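Understanding the architecture of this molecule
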Amino acid sequence: MILEAKLKTGASAPFFMKYTSAFLIALFTGLLFSCSSGPKYQIIRLQGEAQGTTFQITVLSDTEMDLERPVDSILRAVDRSMSPWLPTSLISRINQGDTSVRVDPMFEVVFRKSQELNSISKGYFDITVGGLANAWGFGPNGPMELDSARVDSLMQYVGMDRVRIQGQKVYLEKEGIRFDFNAIAQGYSVDLICAYLDGLSVQNYLVEIGGELRSKGKNLEEKTWRIGIDKPTAQRASDPFQAIIELPNKALATSGNYRKFRTDEVTGKKYVHTINPLTGYTAQQNLLSATIVAQEAMVADGYSTMCMAMGLKKSIQLIEADSTLEGMLVYSKANGDWAVYQSAGFEKLVR
């Protein structure tokens, strides 16, 4: 039996501007609709729009359950906390200079994890780039006319050492610092939904929001969930997948600059959406996409964005130094040809 619901939640304007490239091939194949010799499950599917993107959730359950309202509630709660496109959200109020804001537990969890990632990356991951994101045209306001002097001026508002949370209150070193949770909050939304399903003792699911996803258990054929990862190109190809992998009780996120960019109407120059917090400029380099596999979607989300800012060499070092991560990096060589790096553990997941 298949139960399906379509939801549309969240702010009307885009929430998380990070576009990723991991898509769920298992959701649209005959696997979910074919007969199986194994256990008989209720197949519950939710799909719709939220947080400026789409989401798809597939649950295999022994019993019928209503997931539409709880999922809607979770996504709206994240919006109210961390959507820069919702004027009344906590992050918007903080960015507007409201010193009376007391943050909720969700905001604080994402903030603390961002501090950790900032330290690990030596500054390449930074949620205080909100002012720069707006200036480059990837936020609720902007773009601005930018030159080196203007970028240097905005850099005074960037740095995790300039912000802290104490007693649910956010303290900023100077007025004008702007938060942007774009690189981590979508993955966190996936983790929240998975935590809710775990609380219901659901053993088999696949949760995806805007390409950030997390799996548990098996699909209807009692096999590990399979995920197709897009090739880093703006054009859909007849063979769209860079790789197809099995994802056993893990999370995955892919970041790339090939679909999310802005073209200057006057000069025609393309500006990618990844900003290097150490320079203030959009990241122009040969790394086309970064796919990270981790235990949590929030971690995979953050690391994939971190890699796009760090570049190829530092990203390889980062992945190989952390036994909890696996990764795939697609990059262009000097002659324009593509090449692919895969960690040893990632290679084992490829099918």
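Note that the structure is predicted; figures quoted are calculated from it, not measured. (Residues numbered from 1 in each chain as written. Predicted model: local features only at pLDDT ≥ 70, side-chain atom pairs only at ≥ 80, totals over all residues. Heavy atoms only, no water.)

A count of helices and strands for the protein gives nine helices and 16 strands. A separation threshold of at least 6 residues defines the contact pool for the protein, and within that pool the share at least 24 residues apart is 63%. When the accessible surface of the protein is split by element, carbon and sulfur atoms take 49% of a total near 15,400 Å². (Helix = DSSP H or I, 4+ residues; strand = E, 2+ residues; numbered from the N terminus. Contact = heavy atoms within 4.5 Å. Areas by Shrake-Rupley, 256 points an atom, 1.4 Å probe, with all protein chains shown as cover.)

All right, on to the confidence of the model for the protein then. Here the protein averages 86 in pLDDT, while 81% of its residues score no lower than 70. This model gives residues 16-37 a pLDDT under 50, and the stretch forms 82 contacts once residues within four places in sequence are excluded. The low-confidence segment residues 261-272, where pLDDT is below 50, has 27 contacts with residues more than four positions distant or belonging to other chains. (pLDDT = per-residue confidence, 0-100.)

What follows concerns the packing of helix α1 (residues 68-82) against helix α6 (residues 185-199). Each packed pair of helices is defined by two parameters, the angle between the axes and the distance between the axes. It is the contact of α1 with α6, at a shortest axis distance of 10 Å, that shows an interaxial angle of 145°. Remark: the crossing between α1 and α6 carries right-handed chirality. The residues of α6 that touch α1, namely those facing Pro-70, Val-71, Ile-74, Leu-75, Val-78 and Met-82, are Ala-185, Tyr-188, Ser-189, Leu-192, Ile-193 and Tyr-196. Residue composition of the contact of α1 with α6, grouped by class: eleven nonpolar, one polar and no charged. (Axes fitted to C-alpha atoms, helices over the stretch in contact; angles between N-to-C directions. Left-handed = near helix turned anticlockwise from the far one by under 90°. Nonpolar A, V, L, I, M, F, W, Y, C, P; charged D, E, K, R; others polar.)

The next subject is the pattern of salt bridges. Applying the stated criterion across every chain yields a total of ten salt bridges. Close ionic contact of Asp-191 with Arg-214 constitutes a salt bridge, the shortest N to O distance being 2.7 Å. With Asp-191 in helix α6 and Arg-214 in strand β8 (residues 212-216), this residue pair connects regions lying 23 residues apart in the sequence. Per residue, the accessibility class of Asp-191 equals that of Arg-214, and both read buried. Measuring nitrogen to oxygen at the nearest pair gives 3.0 Å for the salt bridge that ties Asp-198 to Lys-216. Remark: Lys-216 occurs in strand β8 and Asp-198 occurs in helix α6; sequence separation between them is 18 residues. (Salt bridge = Lys/Arg side-chain N within 4 Å of Asp/Glu carboxyl O. Buried < 20%, exposed > 50% of the residue type's maximum accessible area, 1.4 Å probe, protein only.)

Here we come to the packing of aromatic side chains. Inspection of every chain in the model, using the stated rule, returns five aromatic pairs. Judged by centre distance (6.2 Å) and plane angle (85°), the rings of Phe-107 and Phe-179 are edge-to-face. Taken together, the positions of Phe-107 in helix α3 (residues 105-120) and Phe-179 in the loop between β6 (169-172) and α6 put the pair 72 residues apart, joining distant regions of the chain. A relative accessible area of 0% places Phe-107 in the buried class. Look at Phe-179 and you get buried, because its relative accessible area is 2%. Ring centres 6.0 Å apart and planes at 45° place the aromatic pair Phe-179 and Phe-181 in the tilted group. Judged on exposure class, the residue Phe-179 and its partner Phe-181 are both buried. Following the ring pairs from residue to residue traces out a cluster consisting of Phe-107, Phe-111, Phe-179 and Phe-181. Its end group placed over the ring of Tyr-171, Arg-164 keeps NZ or CZ at 4.4 Å from the ring centre. Directly above the aromatic system of Tyr-157 lies the positively charged group of Lys-174, at a separation of 5.9 Å from the ring centroid. (Phe/Tyr/Trp six-rings, centres within 6.5 Å; stacked < 30°, edge-to-face > 60°. Lys NZ or Arg CZ within 6 Å of the ring centre and 35° of its normal.)

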